[in-house]
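Below, each chain spelled out in residue letters.
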Amino acid sequence: MSFDHVGQAGEPILAVSGLEKSYGDKIALNGIDVEARPGQVVALLGPNGAGKTTFASIVAGLVKPDAGTVLVGGVDALRHPHSVRPLIGLAPQTTGVYEVLTVRENLTFFGELAGIRGATLRQRIDDVSASLLLEDLSSRPCQQLSGGEKRRVHMAVALMGRPRLLLLDEPTVGADILTRTALLEVVTQLAGEGTAVVYSTHYLPEIESLNAFVVLLDHGNVIAQGPVQELVARHGLAALELRFDGPVPDLSLEGLSITRQGELIRIVTPDLALAAARVFEVLGGDAQRLRSLDVIHPSLESVFLALTGRRYDPDEEDQRVGPS
Amino acid sequence: MSVRRSVAITRNEVRVLRRDPSPLIFVLAVPILVTYILRDGIGAILQVQGYHGVSGADFAVPAEAVTFIFFIPAFIGFSFFREHGWATWDRLRASSATSSEILIGKVLPMCILGVIQLGVVFLVGVGLGLHVRGSTVGVALVAASLVLCVGTLGLATIAVFKTMGQVNAFGNVGSVALAGLGGALMPLAVLPGWVHRIAPATPQYWAMRGFNSLILDGDRLRAALLPAGVLTAFAAGFTLIALWRLRFSDTKRSWA
Ligand SMILES: Nc1ncnc2c1ncn2[C@@H]1O[C@H](COP(=O)(O)OP(=O)(O)OP(=O)(O)O)[C@@H](O)[C@H]1O
Ligand SMILES: [Mg+2]
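Residues numbered from 1 in each chain as written. Chains lettered and ligands numbered in written order. Predicted model: local features only at pLDDT ≥ 70, side-chain atom pairs only at ≥ 80, totals over all residues. Heavy atoms only, no water.

Looking at chain B as a whole, its pLDDT mean stands at 95, while 100% of the residues score no less than 70. Predicted as a complex, the structure gets a pTM of 0.88 and an ipTM equal to 0.91. (pLDDT = per-residue confidence, 0-100.)

Formed by 130 residues in total, the largest nonpolar core has its most connected members in Leu132(A), Tyr199(A), Ile207(A), Phe122(B), Leu146(B) and Phe211(B). The greatest single-element share of this core, amounting to twelve residues, is contributed by helix H7 (residues 136–160) of chain B. One finds Val42(A), Ile58(A), Leu62(A) and Leu87(A) within the second-largest nonpolar core, a separate group that totals 31 residues. (Core = buried A, V, L, I, M, F, W, Y, C linked by side-chain atoms within 4.5 Å. Buried < 20%, exposed > 50% of the residue type's maximum accessible area, 1.4 Å probe, protein only. Helix = DSSP H or I, 4+ residues; strand = E, 2+ residues; numbered from the N terminus.)

Okay, the interface of chain A and chain B next. The interface is formed by 28 residues belonging to chain A together with 23 residues belonging to chain B. Buried area between chain A and chain B, summed over both chains or domains, comes out near 2,400 Å², and the portion from carbon and sulfur atoms is 58%. Connecting chain A to chain B are three salt bridges. One salt bridge in this structure joins Glu105(A) and Arg19(B), with 2.5 Å as the shortest N-O distance. Counting every contact that joins chain A to chain B gives nine residue pairs in polar contact (both at pLDDT 80 or more). (Contact = heavy atoms within 4.5 Å. Buried area = accessible area lost by both parts, 1.4 Å probe. Salt bridge = Lys/Arg side-chain N within 4 Å of Asp/Glu carboxyl O. Polar contact = N/O pair within 3.5 Å; in protein donor to acceptor, adjacent residues only side chain to side chain.)

A few words now on the state of the cysteines. All names here are of chain B. Within the structure shown, the criterion is met by zero disulfides over all chains. Note on cysteine 111: no disulfide assigned, nearest cysteine sulfur contributed by cysteine 149 at a separation of 11 Å. Judged by relative accessible area, cysteine 111 falls into the buried class, the value being 18%. (Disulfide = S-S within 2.5 Å.)

Residue and element names in this part refer to chain A. Bridge count for strand E1 (residues 14–23) against strand E2 (residues 26–36) is eight bridges, and the pairing is antiparallel. Residue pairing for E2: glutamate 20 is matched across the bridge by asparagine 30. Between the end of E1 and the start of E2, which pair antiparallel, lie two residues, with glycine 24 showing a positive phi angle near 60°. (Pairing = 2+ DSSP bridges.)

Written as structure tokens, this is what we have:
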């Protein structure tokens, strides 16, 4: 059997419905439904505080939800967490490795916990190390690794049990191009082999390169979901953003959707060139006060803009409380 | 319950301890060293108390073993809190290991360390003049219930405390204080009356009471029953505290 990333093959390995979780007054998840099928990369996308980590933590059995159901491999994961654990591999947002132990010792331990041993374990360590470029690091204590190297070990740990459902919470944080490429390649390869991957991130370009099924989260709500191209085609109009010194001029441009925010004018349009031409035609003397001109191409970013009315800002919720 | 997973966790603990074995050396070597230093002085005190033909080691060996074995609960605390510092705790929880497998895997090696500590200190103690006049089986019985008490106190420690600093303070300063109150630093007979009144509230007192009657007074196995029973009751109490307060989802603060 082969799988394309957006893939639809088989019954969902993960089926979440009506998931709710609040911390005090703070709603982290507001009744969300998410599915992941074998071979599918599901990208949980959203700014800080959107609820990505809360989602992964609940699925992995670390946090109890207030309401909703979580089925993993058809089994109720909330009722029978221990029966579904062998199916799940989790790489949490915070890098977690035994600092004083070597890379190999870390992988050995988590392999043993996953029930593999002997020659199988050694083979598994070699395979995982090879795919995450850890071969030369295997006898180094983790505390001597760079942040990106440690991040690769962190992800390798999650792969040791050959999970059918892989939960990766911002795997590329702090990773350089090399590490990032390796991580994305591994994800693509695992999906090709039939693993369902739930990949949370706030970097839009990664999702585009993974060709994932996107679940766009905002303040605990799913605001859109679908394959990248489909979302972009459906919601991703291009936009022009003009920023002025002082108050924005009163442009009247018939047929264009214009929003004004302080010193900013945003024009959403299917035809960038035409819109730009018309704007400059009517700007007149105000053109002198034009400080910047931004073009937002149809992309997940413009999808987010179209659906929330806000520019996508990964670091949006700066004053959040508690761990993320 | 998978024994294999607990064993894997124990093995991992041992790997971590191997990177910094100083705590192990500490609980093994220091009691022997202190026994060696205090032996003659304590011998003199025993003479004044009316013991004849006994060696200072007869008190000092069990006393130092008891004092220092109570550092193990802090080691148990470190072994759990360290996981929070390394952010491996959630990974462990998300693994196939159940809560009881994790507890057994982490606490058992520390109990084994307790057994080794008592064994080594008593054996070396024989070389320093220790002579058990009463029941050896009784000594083993008190020792076993002491280890149980220490292991479960470790569980209560991780259940109750929230930071590594608290574990450290309670485990180190606290255990020296309790050793003093329980008559494991100095024979109770030379301590003030108010200490006598509160001493029975400490597990150290019961351990010393058992060892003293079996080693110094030459009592038979029967004399071990009450102290071993009380130590086991302490263990039950600590287990209850752990059952009541221990939440795997609690966040603990490591040193950082
Ligand atoms: N333990 C907690 N206690 C209190 N509030 C919490 C806790 N964990 C998360 N929250 C809150 O729940 C909301 C969702 O948090 P979550 O960590 O799931 O977001 P996220 O999408 O992973 O964000 P980030 O991109 O910053 O990692 C946030 O508002 C956060 O402040
Ligand atoms: Mg997060």
